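Single-letter residue listing:
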Amino acid sequence: MAELRARRRRPWRAARAVGCAAPLLALLAQLTGCAPAEAPTAQYPGAQRMLDARADAVRRHDATAFLASVDPRATAFRGSQRAVFDHLAAVPLADWRYDLMSTGAFPLPMGGGRRLAAQVRLRYRLKGFDTAPVTSVQYLTLTERDGRWLVSSDSDGASDGKGGTRQLWDQGPVRVVRGRYSLVLGGAADPARLRDLANRVDAAVPAVSAAWKGEWARKVVVEAPDSVQKMAQLMGGDDPSGYAGIAAVTTGEAGASSVAPADRVIVNPDAYEELNELGRTVVLTHETTHVATRALTTPATPLWLSEGFADWVAYRKVHRRPTITAPELSRAVVAGRLPASLPADADFGFRAGAERLAKAYEGGWLACRLIAEKWGEDRLIAFYRDTGRRGLRTAAARPAKPPLEARTAAPTKPAASATPAVGGVGARGTGRSGLVEQAMREQLGVGMAEFTAMWRAYVRRELS
């Protein structure tokens, strides 16, 4: 039940190379060798044209044209590409494009004629859900045959850690289930499970809207792979061990506007199947809350607030004793191990351990529950929004960053374990802790130290 936010950026180079210190010498860049390297699309226009034709074939559902971009000598790869194209047939695509980002992206095996180790960006949109492209990176071997560039492999870079992100259609046939507010994409293992996910998300959307009073898309895309191994691939890796006990994750970009790809809720089939009926409803309501709050969840938002708020919404209409909802923290309190502080971001890491992770979620939930009870639900929402907006303002005031290389719907796990601070923490409290302090004082009338003391007393009282 973690919320992932990630950005990948191009390496940032100094504006001036050695020997180009004087501004006037910029006029001589072409002569001095200080001009930027030629873009790969300009250097290999035929390769980009092939990729454009390949994308057009996907958009037109033209299998013959798609396979015309594949090296006929790579017989096994050609067969797998035909299967991928067939798997895409059920996916409601609004757009599909490839961009040649770089060449020489990984070491190539010896022999085979003129070849390129290409890093290729895939941009696609799902019809009715994505208002901007979802982006993932592929590492393809391009081979020149009779003056034409063709794709001959997507696995030559794997040994160098350049395997790219595998999508559902790379894994096998894709089933699609549509709900009123949901679009569920899954494997072929259990169609009933996909319908159940759609039904639960359809119930979660109005429940979240009743709590989070504000504008959001009210549409949720769920990806339901058939195994935790395939879930790890969707997340950009191959190690499933980090997702043990994690029923679902939500991917997206912190602080993104409404003109952005729809967040993806990715379900771990093993952990999800172990949940009872209430647990499944809570998990999907929690993840739907992340989708709703995405635009105002920024690097300024501590994970105890974002995760605690999502749990607060999920349990808002569930009437159970806190000791049942927060069993790990209850055991710690009874044993005399009352937490000294609110959960830190590191406590929410996938590899933090089951007990530590559970206590972090429970502590965040109780913090938001305390605010809702003492100051009111509207004030809790105002605090969440204020914290996020301060993060947006601070980010806007920072110097410009390099352009995004990719916005990915499947970021790597380390991005989830700690939300980066905004700026440095200085004397005036301009870092994230300072922004949270300012928002708390503005909305709740107390500072973090006083709130933490109140939270500890509340935890002791509710869980003893």
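Structure's up top.
Residues numbered from 1 in each chain as written. Predicted model: local features only at pLDDT ≥ 70, side-chain atom pairs only at ≥ 80, totals over all residues. Heavy atoms only, no water.

(A) Region of interest: the overall build of the chain. Summing up its helical and strand segments, the chain has 18 helices and 12 strands in all. Here the chain, with 464 residues, has 52% of them falling under the buried criterion. For the chain, contacts bridging at least 24 residues in sequence account for 71% of all contacts bridging at least 6. Summed over its atoms, the accessible surface of the chain is roughly 20,800 Å², and 52% of this surface lies on carbon and sulfur atoms. (Helix = DSSP H or I, 4+ residues; strand = E, 2+ residues; numbered from the N terminus. Buried < 20%, exposed > 50% of the residue type's maximum accessible area, 1.4 Å probe, protein only. Contact = heavy atoms within 4.5 Å. Areas by Shrake-Rupley, 256 points an atom, 1.4 Å probe, with all protein chains shown as cover.)

(B) Region of interest: the pattern of salt bridges. In the structure shown here, the tally under the stated rule is 26 salt bridges. A salt bridge links Arg145 to Asp71, with the nearest nitrogen and oxygen atoms 2.9 Å apart. One end of the pair, Arg145, is in strand β5 (residues 134-145); the other, Asp71, is in the loop between α4 (63-67) and α5 (75-87), and 74 residues separate them in sequence. Accessibility assignment for this pair places Arg145 and Asp71 in one class, buried. Of the charged contacts, one joins Arg331 and Glu328 as a salt bridge, the two residues approaching to 2.8 Å between their closest N and O atoms. Of this pair, Arg331 and Glu328 are both found in helix α13 (residues 327-334), three residues apart, which corresponds to roughly one turn of the helix. Given a relative accessible area of 47%, Arg331 falls into the partly exposed group. Under the relative-accessibility criterion, Glu328 is labelled partly exposed at 22%. Overlapping salt bridges, with partners in common, bring together Asp56, Arg59, Arg60 and Asp62 in one network. (Salt bridge = Lys/Arg side-chain N within 4 Å of Asp/Glu carboxyl O.)

(C) Summary view of the sheet that holds strand β4 (residues 115-126). Spatially, four strands are ordered β3-β4-β5-β6 in an open sheet, and the strand pairing comes out antiparallel. The sheet is open, and its two edges are formed by β3 (93-102) and β6 (148-153), each paired on a single side. Pairwise comparison of adjacent strand axes, ignoring direction, gives a mean angle of 45° for this sheet. The pairing of β4 with β5 spans 10 bridges and is classified as antiparallel. Residue Arg123 lies in a different strand from β5, and its bridge partner there is Thr135. Across the sheet, helix α3 (residues 45-60) lies against β3, β4, β5 and β6, angled at about 165° from β3, the strand it touches most. (Pairing = 2+ DSSP bridges. Axes fitted to C-alpha atoms, helices over the stretch in contact; angles between N-to-C directions.)

(D) Seen up close, the environment of Lys213. Positionally, Lys213 belongs in the loop between α7 (191-211) and β9 (220-224). For Lys213, a relative accessible area of 46% puts it in the partly exposed group. Here the alpha-carbon distance between Lys213 and Ile381, two residues 168 residues apart in the chain, equals 8.2 Å.

(E) Molecular detail of the nonpolar core. By size, the foremost hydrophobic cluster in this structure holds 116 residues, and its most contacted members are Trp96 and Phe451. Sequence-distant contacts of Phe451, defined by excluding residues within four places in its chain, comprise Trp304, Leu342, Ala367, Leu370, Ile371, Trp375, Met440 and Val446. Counting residues in each nonpolar core, the second largest holds five residues, with Ala105, Ala117, Val137 and Tyr139 among its members. (Core = buried A, V, L, I, M, F, W, Y, C linked by side-chain atoms within 4.5 Å.)

(F) Expanded view of the packing of aromatic side chains. Scanning all chains against the criterion turns up 16 aromatic pairs. Ring centres 5.9 Å apart and planes at 90° place the aromatic pair Tyr44 and Trp149 in the edge-to-face group. One end of the pair, Tyr44, is in the loop between α2 (40-43) and α3; the other, Trp149, is in strand β6, with 105 residues separating them in the sequence. Note on Tyr44: relative accessible area 16%, which makes it buried. Residue class for Trp149 comes out buried when judged on its relative accessible area of 6%. Plain terms: the ring middles of Trp96 and Tyr124 are 6.0 Å apart, the flat faces sit at 35° to each other, and that makes the pair tilted. Of this pair, Trp96 sits in strand β3 while Tyr124 sits in strand β4, placing them 28 residues apart in sequence. (Phe/Tyr/Trp six-rings, centres within 6.5 Å; stacked < 30°, edge-to-face > 60°.)

(G) Summary view of the pairing of strand β10 (residues 248-252). A large share of β10 lies buried, amounting to five of its five residues. Of the two faces of β10, both are covered, the one formed by Ala248, Thr250 and Gly252 as well as the one formed by Val249 and Thr251.

(H) Inspection of the packing of α7 against helix α10 (residues 277-293) at higher detail. Across the interface, α7 lies against α10 with an axial gap of 9 Å and an inter-helix angle of 55°. It follows from the interaxial angle that α7 and α10 lie oblique. By crossing handedness, the relation of α7 to α10 is classed as right-handed. Side by side, α7 and α10 meet where Leu197, Arg200, Val201, Ala204, Val205 and Val208 of the first sit next to Glu277, Arg280, Thr281, Leu284, Thr285, Thr288, Thr289 and Ala292 of the second. A breakdown of the residues in the contact of α7 with α10 according to their chemical character gives seven nonpolar, four polar and three charged. (Parallel < 35°, antiparallel > 145°, perpendicular 65-115°, else oblique. Left-handed = near helix turned anticlockwise from the far one by under 90°. Nonpolar A, V, L, I, M, F, W, Y, C, P; charged D, E, K, R; others polar.)

(I) Broad picture of the side chain of Asp130. Here Asp130 shows up in the loop between β4 and β5. Of the polar contacts made by the side chain of Asp130, one reaches the backbone nitrogen of Leu126; its length is 2.7 Å. Side chain to side chain, Asp130 and Arg264 meet in a polar contact 2.7 Å long. Contacts of Asp130, omitting those with residues within four sequence positions, involve Tyr124, Arg125, Pro261, Ala262 and Arg264. (Polar contact = N/O pair within 3.5 Å; in protein donor to acceptor, adjacent residues only side chain to side chain.)

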